[in-house]
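Structure assessment
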Amino acid sequence: MSDSRKNARRLSMLAVVIPASAVLIALVIIAIGAEWFAPYDPLKQSLREALQSPSAVHWLGTDNLGRDVLSRLIFGGRIALMASAEATIIAIVLGVPLGLFIGYRGGWWDWFVMRLVEAVVSIPGIMMAIVIIAILGTGLHRAMIALGIIYSTAFLRLARSVVLAEREEVYVKAARVVGAKPNRILLRHILPNIAPPLVIQTTLTVGAVLLAEAGLSFIGIGIQPPDASWGTMLNTAATYMSLKPFLAIPPGIAIVVTVLSVNLLGDVMRDSMGRGIVGGTSAVTKLANKITSDSIDRVEPLEEAASSATLKVKNLEVMVSSKSGDVIPVVTDLGFEIAKGETLGLVGESGCGKTITGLAILGLIGSGGGVTRGSIKLNGIELRNLSARQLQKVRGEEVSMVFQDPTTSLNPAYTVGEQIAEVLRVKRGMSSKAAWARAIELIARVGIPHAAERAKSYPHELSGGMAQRIAIARALSCNPTLLIADEPTTALDVTVQQGILDLFCDLQEEFGMAILFITHDLAVAADICDRICVMYAGEMVEMADVDSLFSNPRHPYTAGLLTAMPQSSNRNPPLPTIRGTVPTPQMWPAGCRFAERCEYMQSACRQPVPLQNGTRLVRCLRANELELGVKQ
Amino acid sequence: MLRLIGQRLIALIPLLFIVSILTFSFTSIMPGDPVDLVLGDDASEEQIQLVRERMGLNVPIVQRYFIWLGKAVQGDFGNSFFYSVKVMDNIKERLPVTISLAAVSAAIALFVGLGAGIAAALRPRSWIDRWATLGATLGQAVPNFWLGLILAAAFAVELRWFPATGFTSLTESPWEWLRSITLPALALGLSSSAAIARQSRSAMVGVLQQDYIRAARAQGLSASRVIFKHALKNALIPVVTVFSFLVTVLLGGALIVEQVFAINGLGSLAINAVWRQDIPVIQGIVLVSVVIVVGIQLLTDIAYGYLNPKARPV
């Protein structure tokens, strides 16, 4: 994260913390020195001065008995602080040890206390307080004992869950394995783990108690008159609502500001102890500006000589906004074609821009990025010129995508049959019945037995391989001319991978679609692809048909990948690797992006390297001179 | 689904049993003899014996509990200490008032909370998001009864659009019912919507980042269909959990908000019972409201099972 962003976040955090802490500190000071700060005795009545409006003498006016509202507000603050401290301390002292104990002991103790907690929690809090007050009698301390008992359940559950979570930690299990008693280790680790949630729960409780105390006093069973509390003041205000509505304002504001300050501090603590915030507007706006300015010199809509290619990508550039807020390119100058019925492999290491290329074709990069240059033509239509609505029509019908992890790319809340049938209904206008019947046909077609029953399954009830077959069936439901498959076998068991690859070949023969097959695995690509486009750090380094690429790589990176394939090397010596690591987009050099890792690097490689188009598309200055055969 | 309902119902039995023991034990924890409470200090020995007999206090406590429980499950909580009315009749008269207030408040809380939460989640860091977050933060700090007072001052006392006090039942006059319930339900519902808004925002933001959302878009489904069909059903799962907690909060809050608008619901019945230590009335109110809470939690469990297939028993 860049320094400016960090500072901005710290500033906005301080903008909350400083006023909130100031309010609470001021409240504590005023509460302690209430006698000194209050201009009048809060209990001194003067019926002649009843129900006055704010004036220089009485800054906040007077109540029905002529008592000074400001003085009562100040003494009410003292009560509010005392009450919330008292109830919170009771809650912690009752809840934490009991929660630790039952978490520790488990068994019958745990069962019984938790049922008791459930019982207490199922009684509305205010009603529980009313009951306890009915037993103990009214008054501040009794009401606070009641609230303390109620809120102790939250601390109890928290302490118990921390103990239970720690029990499952590796170091505790390890201690058990070596025969040590885990209890001592547990105790030592519980304290640091319980502190953060305890602090947060405490702030939540203080806020809740403040509100509850005001509520109980308001209905007359908390603080008893004539003592001033914010709740009793509101009780008075309610009675004189039509005569003097202003009476409700000072105590109400006092409650809101105090509770707000406590809650805000709690929020900040939770945020700083929990995870940070991601995303940002500034980068997206910057990017949006850039995209619009680029769009002015949009690709020419002129039709080129009709080509048989289903997909034609030219000079594609994709930018995304990084976490630090900068807009960076992740794909540059990328171009390829796929013919009807052909499979093109897009091969490269993770982070080289393969997946985002697939998403760029679909127009689905999202608000954090976009295509900034180049042309994407599907069946002769420039996708970059389409409106959002037109693009939506193209998706699913003309082009569709299969994702890496089938267990996350299917919606867990709907049956798999419904997810296929929905596409048919929406995109093809089929009736529910016809769509369902067709969905079952498709499920059977992708090789799943008992399709009619399987259609009623939810994704979590299927194996990974079966779920991926469903995802493929959905992608093909509208007969698209292009299928983008993004690492469709990577998340699957090795034993089912081959079945899925065979399915792709099989379906391509029947449906005749073009396939863009994205993978990091050259062996998989060799199995299924006709041609392979090798990508490195956001650009294409080499493209050729599978046989030529494997037998005669022209780019040192391709050669390195081939050498690193397990199949092509002996078990002994160990698997060769390419030295160094892939540079991140921010670190891309101006010249050849592979230069740093290349053993054939020359000084000329420091200059930008264009794609050479001789016998082979390759981005290497020395493509024609190097002897690169795959080392055995 | 039936299996889920069956499992939950069975799990409720120990809970209700413990609540009944807790509730029954009020009489025995209470300082002082309930007989003194009823008769005052200068009662004769015969009178005391008579009352003890009538209240069943001469039987051992365990036996007394089961007699009480046997009647309670049939809806008989005995008579009030002070009025010769059946507690259940008293509750039956007040309950519909409190229930209708809590129900309308729940509807408002859901509508406002979900609306604000989803609108904020769709455009994180936009002005809608900022205002919704601000509103939710403020909403959690505003006491519902104070909001009630302010609403009453503005719309009942000043503008006279709504009655400031009282309650008309739905069967009597639907229009007057709506007028009498609007302000209290707004006070209670708006202050409860904050929790729903916060939860639904964070759930929706999380769900929108899921793979299956992108996959649904890749199938060419419209943004609104993806949001309101594919994302919403998943985002509602944690909201349902919050809502089931909120039910108890609303029921408790109703007791207080009723006082602002001088509505004769369970609230004033309970408060008067506290002052007189009228234990049978309190026992009745507690048990009835726990049954309601538990019933609604059962409904939310069913909703949870509907939304989340993984939670259904196999």
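Remember, predicted model here, so these are calculated numbers, not experimental data.

**Some details on the overall build of chain A**
Per the secondary structure count, chain A includes 22 helices and 12 strands. Across the 632 residues in chain A, those meeting the buried criterion constitute 43%. Within chain A, contacts between residues separated by at least 24 positions form 66% of all contacts whose residues are at least 6 apart in sequence.

**Notes on the overall build of chain B**
A tally of helices and strands in chain B yields 12 helices and zero strands. For chain B, the sequential pattern of α-helices and β-strands runs α-α-α-α-α-α-α-α-α-α-α-α. Along the three orthogonal principal directions, the C-alpha set of chain B runs to about 85 × 60 × 35 Å. Here chain B holds 314 residues, and the buried ones make up 44% of them.

**Looking at the sheet that holds strand β8 (residues 514–519) of chain A**
All names here are of chain A. Ordered by their spatial adjacency, eight strands build an open sheet running β6-β7-β8-β3-β9-β10-β12-β11, and the pairing between neighbours is mixed. Of all strands in the sheet, those bounded by a partner on one side alone are β6 (399–402) and β11 (612–613). In terms of strand pairing, strand β3 (residues 343–347) meets β8 through five bridges, oriented parallel. From the neighbouring strand, L346 faces β8, where its bridge partner is I518.

**A short note on the sheet that holds strand β2 (residues 327–339) of chain A**
Residues and elements named next belong to chain A. If you walk across this open sheet you meet the four strands as β2-β1-β4-β5, and the pairing is antiparallel. With partners counted over all chains shown, the strands left at the sheet margins are β2 and β5 (381–382), one partner each. Summarising the sheet, strand β4 (residues 369–378) and β5 pair through two bridges and their orientation is antiparallel. Bridging across to β5, L378 finds its partner in I381.

**Some thoughts on the confidence of the model for chain A**
Residues and elements named next belong to chain A. When pLDDT is averaged across chain A, the result is 83; 89% of the residues are at 70 or more. Highest mean pLDDT in chain A belongs to helix α16 (residues 432–445) (95); lowest belongs to helix α11 (residues 281–296) (44). Here residues 274–286 is modelled with pLDDT under 50, and outside its nearest four sequence neighbours on either side it reaches 12 contacts, counting other chains as well. Here residues 288–306 is a poorly scored stretch, pLDDT under 50, and it has 14 contacts once near neighbours within four places are set aside; other chains count.

**Observations regarding the interface of chain A and chain B**
Contacts between the two partners involve 61 residues from chain A, matched on the other side by 62 residues from chain B. Considering each element in turn, the side of chain A that touches chain B owes the most residues, eight residues, to helix α5 (residues 125–136) of chain A. Tallied by class, the residues present in the side of chain A that touches chain B amount to 37 nonpolar, 16 polar and eight charged.

**Things to note about the environment of L383 of chain A**
All names here are of chain A. Inspection of the secondary structure puts L383 in the loop between β5 and α13 (388–397). For the pair L383 and A195, spaced 188 residues apart in sequence, the C-alpha to C-alpha distance is 54 Å. Apart from the residues within four sequence positions on either side, L383 is in contact with G363, I376, L378, L391 and V394.

**A look at the domain arrangement of chain A**
By domain assignment, chain A separates into domain 1 (3–41 + 60–272) and domain 2 (543–618). Taking only C-alpha atoms into account, the centre of domain 1 of chain A sits 63 Å from that of domain 2 of chain A.

**Points about the nonpolar core**
Formed by 252 residues in total, the largest nonpolar core has its most connected members in A129 and L234 of chain A together with L149 of chain B. Here this core takes 17 residues from helix α10 (residues 223–260) of chain B, the largest share from any one element. Here L234 of chain A is in contact with A214, F218, A248, P251 and G252 of chain A together with F145, W146 and L149 of chain B, once residues within four sequence places are set aside.

**What about the confidence of the model for chain B?**
The pLDDT averaged across chain B works out to 85; a share of 95% of its residues lies at or above 70. Model confidence for the complex is summarised by a pTM of 0.82, with the ipTM given as 0.85.

**Some points on the domain arrangement of chain B**
All names here are of chain B. By the assigned domains, chain B splits into domain 1 (2–87) and domain 2 (93–311). Summarising the inter-unit geometry, the C-alpha centres of domain 1 and domain 2 are found 33 Å apart. Taken together, the contact between domain 1 and domain 2 spans 22 residues of the former and 17 residues of the latter. Listing elements by their share of the side of domain 1 that touches domain 2, those giving two or more residues are α1 (2–29) and α2 (34–39).

**Side note on unusual backbone geometry**
The backbone of N479 of chain A sits at a positive phi, close to 55 degrees, despite the residue not being glycine. Positionally, N479 of chain A belongs in the loop between α18 (464–475) and β7 (482–486).

**Looking at helix α4 (residues 107–122) of chain A**
Helix length check: α4 of chain A, at 16 residues, gives a terminal C-alpha distance of 23 Å against a target of 22 Å (1.5 Å per residue), a fit within 8%. The complete set of buried residues in α4 of chain A reads V117, A119 and S122 of chain A.

**A look at the pairing of β7 of chain A**
Residues and elements named next belong to chain A. Burial runs high along β7: five of the five residues are buried. Residues L482, I484 and D486 line one face of β7 and the alternating positions L483 and A485 line the opposite face, and both faces are buried. Both β6 and β7 contribute to a ladder of four bridges, which runs parallel. Residue pairing across strands places M401 opposite I484, the latter belonging to β7. Judged from the five bridges that link them, β7 and β8 form a sheet pairing that is parallel. Bridged to A485 within β8 is F517.

**Re the packing of helix α7 (residues 144–158) of chain B against α10 of chain B**
Residues and elements named next belong to chain B. Interhelical geometry of α7 versus α10 gives an angle of 30 degrees and a closest axis separation of 9 Å. The orientation of α7 with respect to α10, classified from their angle, is roughly parallel. Considering the relative orientation of α7 and α10, their crossing is right-handed. The residues of α10 that touch α7, namely those facing N144, F145, G148, L149 and A152, are G253, I256, V257 and V260.

**Looking at the pairing of β4 of chain A**
On a regular strand, one side chain projects to one face of the sheet and the next to the other, so that they alternate. All names here are of chain A. For β4, the tally of buried residues reaches eight of 10 residues, placing the bulk of the element in the interior. Note: strand β1 (residues 309–321) against β4, eight bridges, orientation antiparallel. From the neighbouring strand, V318 faces β4, where its bridge partner is V371. Linking β4 to β5, which pair antiparallel, is a turn of two residues; within it N379 sits at a positive phi near 50 degrees.

**Remarks on the packing of helix α5 (residues 87–122) of chain B against helix α8 (residues 174–208) of chain B**
Any two packed helices are characterised by how steeply their axes cross, that is the angle between the axes, and by the distance between the axes. Residues and elements named next belong to chain B. Where α5 contacts α8, the axes come no closer than 5 Å and their chain directions differ by 35 degrees. For the crossing formed where α5 meets α8, the hand is right-handed. Across the contact of α5 with α8, the residue classes tally to 22 nonpolar, nine polar and one charged.

**Some details on the environment of G207 of chain A**
Residues and elements named next belong to chain A. Here G207 shows up in helix α8 (residues 182–218). With 23 C-beta atoms packed within 10 Å, G207 lands in the buried category. In sequence terms G207 and S84 are 123 residues apart; their C-alpha atoms lie 8.0 Å from each other. Excluding residues that lie within four positions of it along the chain, G207 makes contacts with V259, V262 and N263.

**Brief notes about the environment of V294 of chain B**
Considering the arrangement of structural elements, one finds V294 of chain B in helix α12 (residues 279–307). On the neighbour-count criterion, V294 of chain B (21 C-beta atoms within 10 Å) is buried. With 278 residues separating them along the chain, V294 of chain B and L16 of chain B place their C-alpha atoms 8.7 Å apart. For V294 of chain B, the residues in contact, after removing those within four places along its chain, are S122 of chain A together with L12, L15 and L16 of chain B.

Cut-offs applied
Residues numbered from 1 in each chain as written. Chains lettered and ligands numbered in written order. Predicted model: local features only at pLDDT ≥ 70, side-chain atom pairs only at ≥ 80, totals over all residues. Helix = DSSP H or I, 4+ residues; strand = E, 2+ residues; numbered from the N terminus. Buried ≥ 20, exposed ≤ 12 C-beta atoms within 10 Å, placed from the backbone. Contact = placed C-beta atoms within 7 Å. Pairing = 2+ DSSP bridges. pLDDT = per-residue confidence, 0-100. Nonpolar A, V, L, I, M, F, W, Y, C, P; charged D, E, K, R; others polar. Domains from an automatic or database assignment. Core = buried A, V, L, I, M, F, W, Y, C linked by C-beta atoms within 7 Å. Expected span 1.5 Å × (residues − 1). Axes fitted to C-alpha atoms, helices over the stretch in contact; angles between N-to-C directions. Parallel < 35°, antiparallel > 145°, perpendicular 65-115°, else oblique. Left-handed = near helix turned anticlockwise from the far one by under 90°.

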